[in-house]
Amino acid sequence: MDTATARKTNAPDFATAYYFLEGLTELGVEYLFCNFGTDHAPIIEEMAHRKKRGEAMPGILHCPHENTAAHMAEGYAFVTGRGQGVLVHVDVGTANTANAMHNAYRSRLPVLLMAGKAPYTANDELVGSRDTYVHFVQEPFDQASLVRPYLKWEWTLPSGVVVKEALRRAYSIAQSEPRGPVYLMMQRETLTQHWSTDEIRRYSADEFAATSGGGADPKLVAALADRLLTAENPVLITGYAGRNIHASEAIDALSQFAGIAVYEGNMTSNISHAAPCFVGFTADKAVPHADVGILVDVDVPWFPSDVQTHEKSFWAHIDIDTLKPGSPMWTFPGNLRMQGDSGRILQQVLEDLKAKATPKFKATAASRLARIKGLREERIARAAKLAADKGKAGAINPHYLMAELGKVLDDDDLIFNEGVTNAGAVLLQIPRKKPNTTMRSGGGGLGWSGGFALGAKLAAPDRLIVQISGDGGFYFGNPSSVFAVSQQYKLPFFSIVLDNTGWNAVKAATLRVYPEGEAKGASEFEAKLAPKVAFTKVAEAFGAYGEEVSDPADVPAAIARCLKEVRGGRSALLHARVTKL
């Protein structure tokens, strides 16, 4: 539309970037986690414009590294369920988010990733043309390919007239189950285009809603209930159910009624670890003997190379994503698959089972509950035995350290567990009574827990946030960026680095493949990292409290001092020298 026509409509005239910010606000996006570049000049200009006019737009947080920005958005989404915006710089900024997009995709977390693109005009034909060296070198043939394997949707904005439509489309897909990241690219010339307000349509959430899961076919529900009626050794394995309080409650109710042992597979705390049927974190010993198994919202219930199912067992998979089309190969059993809202489906199964339950079934279920109680007691006793060994000076036992931490945490505190080879100690020694209060990443990209901790603190300012990482993961997490954001935006959290001076996962993998190989014989695993690092200095450089602990006797007091600082509004880092490689 030309200027004369725009005047004739008597509608104000604004740049695409102005409507872009307005569109994000209409989506309900509360924050933009940003690492700005030359491509964002029109957006920065319109941010100032909207502030001057007193008009709403998302809160802006500056993140020195894109890894922090993207993982902050994921931490916020983990707590709230609402995807936020991440704004990064052309191809290089996008590349720096690839690790986080992998984690978001595999962890089922919504993220609206957005980046500029190098200007496409070079002779000042349009506002926003190329005017610096990098504009000539930051134009790959396929910018989205840097993150495409981890996306649900991607697009380059062709014109400002559809900016709000594109944002709504992206956000609806990101928020639809299984949730995940989407990617929108925008060139400077497009962002500087002007449009009258009556040319830019609004797209409401009511009219363009995200999809959600429903219940299951009653015939399939009945088939699973019938199997449970005659089961002798039923098990249930879940990974993400804690994200949905109704699914968590349904698992607890069904397991108690039918006498089903419940195991957690990786992701989050799913039901109370004090629940009568919660058994532990690996079902390896139970799977070969299970005659009926239920997989609920889980991606990797066991490792097939280590565990074999019984040839006559029956497996039902209840999930919003039962076939995992995002994975080229995924070959876990599913004699019956029910795709939808796991909470609703499990409630259907429970209702059908209650209607069919006989006195014999109830007696059998009661006997299983007694057996499950024994398994629970064994796990608790094992945890206590492991924690009783405090380790020695310079080599604190992680089980003891985590047990001491568990004594002082509240039920609502959030734990982001990136302990990798020590992650099991965190799970075993800090049992959670509430679902969704501890998390491990569904992806394999290390360096996520610091950004998650910041995003979670932003979403839940009254809750204590704990990040636990190994020294290898701490390096990957761009800690200087993490602590800079913590200081700038007053987001205190407690960071614990379990320092074993190396990549223990690399050593363990080598030994699994070559248990008696040359690497073992020479004790050469290419896994050692710098042994005399003072990680506390990283935190202290940004005003955080830092303390190193190497003697087991000092652990309780060191934890107490760190928590005092965090509760006083200052981040704290505890550098713990734990058992070496």
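Keep in mind that what you see is a predicted model, and the values were worked out from it rather than measured. Note that residues are indexed from 1 along each chain, following the sequence as it is written. It should be noted that, the model being predicted, local features are given only for residues of pLDDT at least 70 and side-chain atom pairs only at 80 or more, the latter also being counted only at that level, while totals for whole chains, interfaces and linings use all residues. Side-chain figures throughout are based on the complete set of non-hydrogen atoms in the structure, without hydrogens or water.

S.K.: When you look at the overall build of the protein chain in this model, what are you seeing that I'm missing?
M.R.: Strands here are runs of E lasting at least two residues and helices are runs of H or I lasting at least four, both read from the DSSP assignment and numbered beginning at the N terminus. Scanning the protein chain from terminus to terminus reveals 20 helices and 22 strands. For a compact globule the rule gives 2.2 Å times the number of residues to the power 0.38, and the radius of gyration it is set against comes from C-alpha atoms. Scaling as 2.2 N^0.38, a compact globule of 581 residues should have a C-alpha radius of gyration of about 25 Å, and the protein chain matches this with 26 Å. If one aligns the C-alpha atoms of the protein chain with their principal axes, the spans along those axes are about 85 × 60 × 50 Å. Burial classes: relative accessible area under 20% of the type maximum marks a residue as buried, over 50% as exposed, and values in between as partly exposed (1.4 Å probe, protein chains only). Out of the 581 residues belonging to the protein chain, those deemed buried represent 54%. Contacts are assigned to residue pairs that have any heavy atoms within 4.5 Å of one another. The contacts in the protein chain between residues at least 6 apart in sequence include a share of 77% that link residues at least 24 apart. When charges are tallied, Lys and Arg are placed among the positive residues and Asp and Glu among the negative ones, while His and the ends of the chain are skipped. The atom standing in for a charge is NZ when the residue is Lys, CZ when it is Arg, CG when it is Asp and CD when it is Glu. Charged side chains of the protein chain number 61 positive and 64 negative; the gap between the two group centres comes to 6 Å.

S.K.: Would you explain the packing of aromatic side chains in this entry?
M.R.: Ring pairs (aromatic) are described by centroid distance and by the angle formed between their planes. Only centres within 6.5 Å qualify two rings of Phe, Tyr or Trp (six-membered ring in Trp) as a pair; their planes then separate them into stacked at under 30 degrees, edge-to-face at over 60, and tilted for everything else. Applying the stated rule across the entire model yields 18 aromatic pairs. Seen in terms of ring centroids, Phe78 and Phe416 are 5.7 Å apart; in terms of plane orientation they differ by 70°. Their pairing is edge-to-face. You can see Phe78 sitting in helix 4 (residues 66-80) and its partner Phe416 sitting in strand 17 (residues 414-418), a full 338 residues away along the chain. Note on accessibility: Phe78 and Phe416 belong to one class, buried. Centre to centre, the rings of Phe416 and Phe452 are 5.8 Å apart; their planes meet at 55°, and the pair counts as tilted. Separated by 36 residues along the polypeptide, Phe416 in strand 17 and Phe452 in helix 14 (residues 449-459) bring together distant segments of the chain. You can call Phe452 buried: its relative accessible area is 1%. Among the aromatic residues, those joined into a ring-pair cluster are Phe78, Phe416, Trp448 and Phe452. Charge-over-ring placement is defined geometrically: NZ (Lys) or CZ (Arg) within 6 Å of the ring centre, and within 35 degrees of the ring normal. In this structure, Arg50 is placed above the aromatic ring of Tyr18, and the distance from its NZ or CZ to the ring centre is 4.6 Å. A cation over a ring is seen here: Lys324 above Trp330, with NZ or CZ 5.5 Å from the ring centre.

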